[in-house]
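# Descriptive analysis of the structure
Listed here are the chains, written in short residue letters.
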Amino acid sequence: METILLLTHSEADGSLPKAALEALSAAKSLGGPVTAAVFGGNVDAAAKALAGAGAAKVLTASGDAFAQPRYATDAAAATALAKAAGAQLVIAPATSRMARVAAGVAQRLGGKIDTHVSQIADEGGVTISRWYYKQRIEAKQKRKERPWVLLVDPGAYPASAAAGGSAPIEKVEVAAPASRTTVTGVKAPTSGEQTIKPDAKLLLVAGAGWTKKQADGKPNPEKAEQLILGFLRASGASLGSSKSLVDQAGEGQKVFEFMSHLNQVGQTGATPRHPKGLATCCHGEEPHVVGWRFIRERRAINLDANCGWARGKADVLYVADAFAVMEKVNALVGAK
Ligand SMILES: Cc1cc2nc3c(=O)[nH]c(=O)nc-3n(C[C@H](O)[C@H](O)[C@H](O)COP(=O)(O)OP(=O)(O)OC[C@H]3O[C@@H](n4cnc5c(N)ncnc54)[C@H](O)[C@@H]3O)c2cc1C
């Protein structure tokens, strides 16, 4: 059996990212003992969570130098932990912080890396599954080289539950390397409402139909905005969009301020992993539907009985006016 390490950072408050517990499930699925390692400014809660969720041993590297996500310090901490564990397989969650340094860590360890891993199995040797060509082709891969760093995509595994374990926690001293980067603060784009929620049970997709002329001969984007935001607030759903809708900004048409290209689902957009999806005012064309690959239950509302969803792309198609349906749905959800 290979030496398996689950490698992660902690969050700013010392807790564990949910994706780390998912990657731990991936590591444990191989059946062997899993050492866990965590780095960050404060790692106490994260180390305890790993110790209680089935890790055989937990290594930590902490201190002020490792509090901020910064390439040099994160790569140094992660490399030192992987070396201390003597790991042949280094399994890490694909958070943006881990994804940024993982290739550098593989290089420093003299190993190889694979990203976007959606499954790890022992099939006469460790085998990973990942998708190519915008989730159209699934491949199984093995590698001879070790150490092998694997970035597991969030949402591919259930999070490891607390199992009442109390594995030993050991601190690894890591000297912070010289760094030219000082983090002075965070500047985020001024977007209105946070509409992308990867952990939501439901994805609501809005298409360009919301801004098109309606039965009364006029577009009604203000009403559309009110219905979409009303539903998001009442249901906690995450918001996806078609390319046509988010592209309208460049064409001088009405754009919803709570939506950006980051909401776009599809071949040239995101491939989210929500259990359920509801498409509204969106045609359901192939480049868009590619992004629904991992949505398990799909429903759509469209005026057009001949739209793309009707051709096997949705489990249920409501041939109806989405303005009327969502108004009724919001009243029902709001009344709960
Ligand atoms: C290389 C390439 C990559 C692409 N990648 C992507 C991608 O990643 N993601 C993506 O989304 N698209 C992508 N596209 C574009 C894609 O092919 C479609 O053009 C786009 O998805 C259409 O968006 P839409 O369905 O919102 O708009 P439309 O095609 O304009 O459809 C609007 C729909 O709204 C319906 N509608 C209107 N009013 C109502 C109402 N009151 N109630 C109910 N329904 C109503 C209409 O019947 C219509 O079906 C790509 C295209 C190419 C060529």
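Conventions and cut-offs
- Residues numbered from 1 in each chain as written.
- Predicted model: local features only at pLDDT ≥ 70, side-chain atom pairs only at ≥ 80, totals over all residues.
- Domains from an automatic or database assignment.
- Contact = placed C-beta atoms within 7 Å.
- Nonpolar A, V, L, I, M, F, W, Y, C, P; charged D, E, K, R; others polar.
- Axes fitted to C-alpha atoms, helices over the stretch in contact; angles between N-to-C directions.
- Helix = DSSP H or I, 4+ residues; strand = E, 2+ residues; numbered from the N terminus.
- Parallel < 35°, antiparallel > 145°, perpendicular 65-115°, else oblique.
- Left-handed = near helix turned anticlockwise from the far one by under 90°.
- Pairing = 2+ DSSP bridges.
- Expected span 1.5 Å × (residues − 1).
- Bend = angle between axes of the 7 residues up to and from the residue.
- Buried ≥ 20, exposed ≤ 12 C-beta atoms within 10 Å, placed from the backbone.

### Section: the domain arrangement of the protein
Accessible area lost upon the coming together of the parts serves often as the stated size of an interface. Considered domain by domain, the protein is made up of domain 1 (4-171) and domain 2 (202-335). Placing a centre on the C-alpha atoms of domain 1 and another on those of domain 2 gives a separation of 35 Å. Taken together, the contacts link four residues of domain 1 with five residues of domain 2. For the side of domain 1 that touches domain 2, a count of residues per class yields no nonpolar, two polar and two charged.

### Description of the packing of helix α3 (residues 71-85) against helix α4 (residues 96-109)
Interhelical geometry of α3 versus α4 gives an angle of 55° and a closest axis separation of 9 Å. In this view, α3 runs oblique relative to α4, as classed from their interaxial angle. Seen along the crossing, α3 lies across α4 with a hand that is right-handed. Facing α3, whose interface residues are Y71, D74, A75, A78, T79 and A82, α4 presents R97, R100, V101, G104, V105, R108 and L109. The residue makeup of the contact of α3 with α4, split by class, is seven nonpolar, two polar and four charged.

### Some remarks on the sheet that holds strand β13 (residues 297-302)
Taken in spatial order, the five strands of this open sheet run β11-β10-β12-β13-β14, and their pairing is parallel. Looking at which strands have only one partner, the edges of the open sheet turn out to be β11 (238-241) and β14 (316-319). Along the sheet, successive strands turn relative to each other by an average axial angle of 20°, direction set aside. For β13 and β14, the ladder comprises four bridges, and the chain directions are parallel.

### With respect to α4
Compared with the 20 Å implied by 1.5 Å per residue over 14 residues, the 20 Å span of α4 between its first and last C-alpha is a close match. Of all the bends in α4, the greatest measures close to 40° and is centred on A102. Within α4, the full set of buried residues consists of R97, M98, V101, A102, V105 and A106. Tucked inside the fold, the buried residues of α4 contact β1 (4-9), α3, β4 (89-93), β5 (112-122) and β8 (148-152). G110, located one to two residues past α4, shows a positive phi value of around 75°.

### Let's talk about the pairing of strand β12 (residues 276-280)
Counting buried positions along β12 gives four out of five residues, so the element sits mostly inside the fold. Alignment of strand β10 (residues 202-206) against β12, held across five bridges, turns out to be parallel. Bridging across to β12, L204 finds its partner in L278. Inspection of the sheet shows β12 paired to β13 by five bridges, in the parallel sense. The residue bridging A279 from the neighbouring strand is A300, located in β13.

### Remarks on the sheet that holds β1
Strand order in this open sheet of nine strands is β7-β6-β5-β8-β4-β1-β2-β3-β9, and the pairing throughout is mixed. One side of each edge strand has no neighbouring strand; the edge strands of this open sheet are β7 (137-141) and β9 (169-171). When the angles between neighbouring strand axes are averaged without regard to direction, this sheet yields 35°. Strand contacts of helix α1 (residues 18-28): β1, β2 (34-40), β4, β5 and β8, with the helix running at about 150° to β4, the strand carrying the most contacts. Strand contacts of α4: β1, β4, β5 and β8, with the helix running at about 165° to β8, the strand carrying the most contacts.

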